[in-house]
Amino acid sequence: MRHQPIKNKLFIENRKRLAKLLAPKSLAVLNANDVLPTNADGTLVMQPNADLFFLSGIEQEESILLIFPEAAEEKNREILFLREPNDHLKIWEGHKHTKAEAKKISGIKNVQWLSAFPMMFRALMCEAEAAYLNSNEHKRAVVEVETRDARFTRQCRRDFPLHDYRRLAPLLHQLRVVKTNLELELLKEAVDITGRGFRRLLRFVKPGVTEYEVEAELAREFIRRRGKFAYTPIVAAGKNNCVLHYLQNDQTCRKGQLLLLDVGSSYANYNADMTRTIPVSGRFSRRQKNVYNAVLRVLRSSIAGATVGKLHKEWTREAQTHMNEELLKLGLLKPSQVKRQDPDKPACRKYFMHGLGHPLGLDVHDVGDANIPFAAGTVLTVEPGIYLPDEGFGIRLEDDIVVTEDGPVNLMDKIPIEPDEIESIMNR
Ligand code: GLY
Ligand code: MN
Ligand code: MN
């Protein structure tokens, strides 16, 4: 693992939180993600399963976690199953966790090799009434391949058809949306790495550099600090500012253009998600600055508006009302357009057509039910934008915040965002 060791209290606490939500006499099983194939004998780098990590800190392929809070024997209440290391694996793939290492990472005392799973699982199923199995229930997920969890569910239902089966995902969503202090520490590290990357870019960007050179600078800064890209970075110059999911990063940055950077580092699987929009030549034009400041004001009012008890829908409505006002001031909307607007399709959507923000954590678009009001510990991105393809530019600004009882806390308040500060650093 590239990241520093994590206090296993984080995972122990999370398992305790989950155990409290499980029905009597039930167990829960979580599987690692698959190593996905590409072409020929190629594979993608495995993305650790976020739920398995959340409950155990384990990132190794093929691992299985079993939680059974009411198991008759105390040693069976938490069991971790791992690939057994052997000489062949050692030569080809290197080191795999020993039992002692896995115990230290997870705080789970009972660590077994995978070969023990079938027998032990059968014995414990015979003791249990219900099994909670995991699945990807993110509202916007498109899952075309069968995951390890899905294969396990199929097998389990075949082998034990008379058990009561339950969905683990809603419970995990409920827990994961509220971050513990130990999780916030890791998120802050991801934010810090992201900020350092951005500061490097402020000194690097000038007319003539390419979007991919900018990406390379970021990679250098993220990786040397034990991070990695949290998602494919969007490095978009000029009219590409307006392509919401621009991923080509193959153009040259020109004088007078803006460069939109939607980039974030992850650290220890926790993700930052930041957007800044900077002038390629180090100075905003008057028009660019006016639009920039309008977006910045919506960002700030939306951060302030992310309070405990508010629904995502209300929060977005407030931002859209503010955005309408800003667009009127910029002469981009007419009062009649706002007056006649369909409340479900506010006038600002012509220029600000995406969501205001999303939960953030072990996934960039993190799990969490949007119909449940913000609770203390909710981490959100706030990302208003105004896109003007006819004028050849667009602006998005994105910060990461934590909702607390004492009001929102901006995790990115040290990352330059004021246009004057950006210009001043770029021209140093
Ligand atoms: N970078 C993805 C997003 O902002 O949602
Ligand atoms: Mn983003
Ligand atoms: Mn985002």
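Residues numbered from 1 in each chain as written. Chains lettered and ligands numbered in written order. Predicted model: local features only at pLDDT ≥ 70, side-chain atom pairs only at ≥ 80, totals over all residues. Heavy atoms only, no water.

K.L.:
Before we go on, may I ask you to explain the overall build of the protein chain in this structure?
P.N.:
Along its length, the protein chain carries 13 helices and 17 strands. For a compact globule of 428 residues, the expected C-alpha radius of gyration is about 22 Å, and the protein chain comes in at 24 Å, within 12% of that figure. Considered along the principal axes of its C-alpha atoms, the protein chain spans approximately 70 × 50 × 40 Å. Counting every position in the protein chain, which comprises 428 residues, the buried fraction comes to 53%. By element, 51% of the accessible surface of the protein chain is carried by carbon and sulfur atoms, the whole surface being about 20,700 Å². Charged side chains in the protein chain number 63 positive and 57 negative. The centres of these two groups are separated by 3 Å. (Helix = DSSP H or I, 4+ residues; strand = E, 2+ residues; numbered from the N terminus. Rg over C-alpha atoms; globule rule 2.2 N^0.38 Å. Buried < 20%, exposed > 50% of the residue type's maximum accessible area, 1.4 Å probe, protein only. Areas by Shrake-Rupley, 256 points an atom, 1.4 Å probe, with all protein chains shown as cover. Lys, Arg positive; Asp, Glu negative; His and termini not counted. Charge placed at Lys NZ, Arg CZ, Asp CG, Glu CD.)

K.L.:
Please clarify how the pattern of salt bridges should be interpreted in this entry.
P.N.:
Proximity of charged atoms lets side chains of opposite charge pair with each other. Inspection of the entire model under this criterion finds 35 salt bridges. Put simply, Asp-34 and Arg-148 hold a salt bridge, and the shortest N to O gap is 2.8 Å. A residue pair is termed long-range when its members are at least 10 positions apart, and Asp-34 in the loop between strand 1 (26-31) and helix 2 (50-56) and Arg-148 in helix 6 (residues 148-159) qualify at 114 residues. Taking the relative accessible area as the measure of exposure, Asp-34 reaches 19% and is therefore buried. Notably, a salt bridge pairs Asp-366 with Lys-179, separated by 2.8 Å at the nearest N-O pair. One end of the pair, Asp-366, is in the loop between helix 12 (335-339) and strand 13 (379-382); the other, Lys-179, is in the loop between helix 7 (169-176) and helix 8 (181-204), with 187 residues separating them in the sequence. What makes Lys-179 buried here is its relative accessible area of 6%. (Salt bridge = Lys/Arg side-chain N within 4 Å of Asp/Glu carboxyl O.)

K.L.:
Whenever I open this one, the coordination of the manganese ion (ligand 2) confuses me. Can you help?
P.N.:
Geometry sets the ideal angles at a metal, namely 109.5 degrees for four tetrahedral donors and 90 or 180 degrees for six octahedral donors. The protein atoms that coordinate the manganese ion (ligand 2) are Asp-262 (OD), Asp-262 (OD), Asp-273 (OD) and Glu-398 (OE), at distances of 2.0 to 2.7 Å. The coordination sphere of the manganese ion (ligand 2) comprises six donor atoms, whose angles at the metal cover 53 to 170 degrees; the geometry is irregular. The sequence motif formed by the donor residues of the manganese ion (ligand 2) is D-x10-D-x124-E. Between the manganese ion (ligand 2) and the manganese ion (ligand 3), a separation of 3.3 Å is found, and both are coordinated by Asp-273. Placement of Asp-262 in strand 9 (residues 258-263) and of Glu-398 in the loop between strand 15 (393-396) and strand 16 (399-402) is noted, with a sequence separation of 136 residues between them. By relative accessible area, which is 7% here, Asp-262 ends up buried. (Donors = N, O, S within 2.8 Å, 3.2 Å for Na, K, Ca; no water. Tetrahedral: all angles 85-135°; square planar, octahedral: opposite > 155°, others 65-115°.)

K.L.:
Quick question: what am I supposed to make of the coordination of the manganese ion (ligand 3) here?
P.N.:
Surrounding the manganese ion (ligand 3) are the protein donor atoms Asp-273 (OD), His-358 (NE2), Glu-383 (OE) and Glu-398 (OE), which sit 2.1 to 2.2 Å from the metal. One can describe the donor arrangement at the manganese ion (ligand 3) as irregular, given that its six donor atoms subtend angles of 51 to 157 degrees at the metal. Written as a sequence motif, the donor arrangement for the manganese ion (ligand 3) is D-x84-H-x24-E-x14-E.

K.L.:
Explain the nonpolar core here, please?
P.N.:
One finds Leu-168, Leu-259, Leu-261, Ile-278 and Ile-386 to be the most contacted residues of the largest nonpolar core, which totals 104 residues. Here the element with the most residues in this core is helix 8; it accounts for ten residues. Apart from residues lying up to four places away in sequence, Leu-261 is in contact with Phe-198, Leu-201, Val-214, Ile-234, Val-235, Met-274, Thr-275, Arg-276 and Ile-278. Residues Met-125, Ala-128, Phe-152 and Phe-160 belong to the second largest nonpolar core, which totals 19 residues. (Core = buried A, V, L, I, M, F, W, Y, C linked by side-chain atoms within 4.5 Å. Contact = heavy atoms within 4.5 Å.)

K.L.:
Explain the sheet that holds strand 5 (residues 130-133) to me, please; I cannot follow it from the model alone.
P.N.:
By way of backbone hydrogen bonds, the strands of a sheet pair with one another, either parallel or antiparallel. In space, the six strands of this open sheet follow the order 4-3-2-1-5-6, with mixed pairing throughout. Strands with a single pairing partner mark the edges of an open sheet, and in this sheet they are strand 4 (110-113) and strand 6 (164-167). Taken over all neighbouring pairs, the strand axes of this sheet differ in orientation by 20 degrees on average, direction set aside. Where strand 1 lies against strand 5, four bridges are found, and the strand directions are parallel. Each residue of the ladder has a partner; that of Leu-27, found in strand 5, is Ala-131. (Pairing = 2+ DSSP bridges. Axes fitted to C-alpha atoms, helices over the stretch in contact; angles between N-to-C directions.)

K.L.:
Just checking my understanding: could you explain helix 4 (residues 99-106) for this structure?
P.N.:
An α-helix turns once per 3.6 residues; consequently, residues spaced three or four apart project the same way. Buried residues of helix 4: Ala-102, Ile-105 and Ser-106, and no others. Along the axis of helix 4, the buried residues cluster in a sector spanning 80 degrees; they form a single face. Residues Ala-100 and Lys-104 are exposed on helix 4 and point more than 90 degrees away from its buried face. (Arc of directions from axis to C-beta.)

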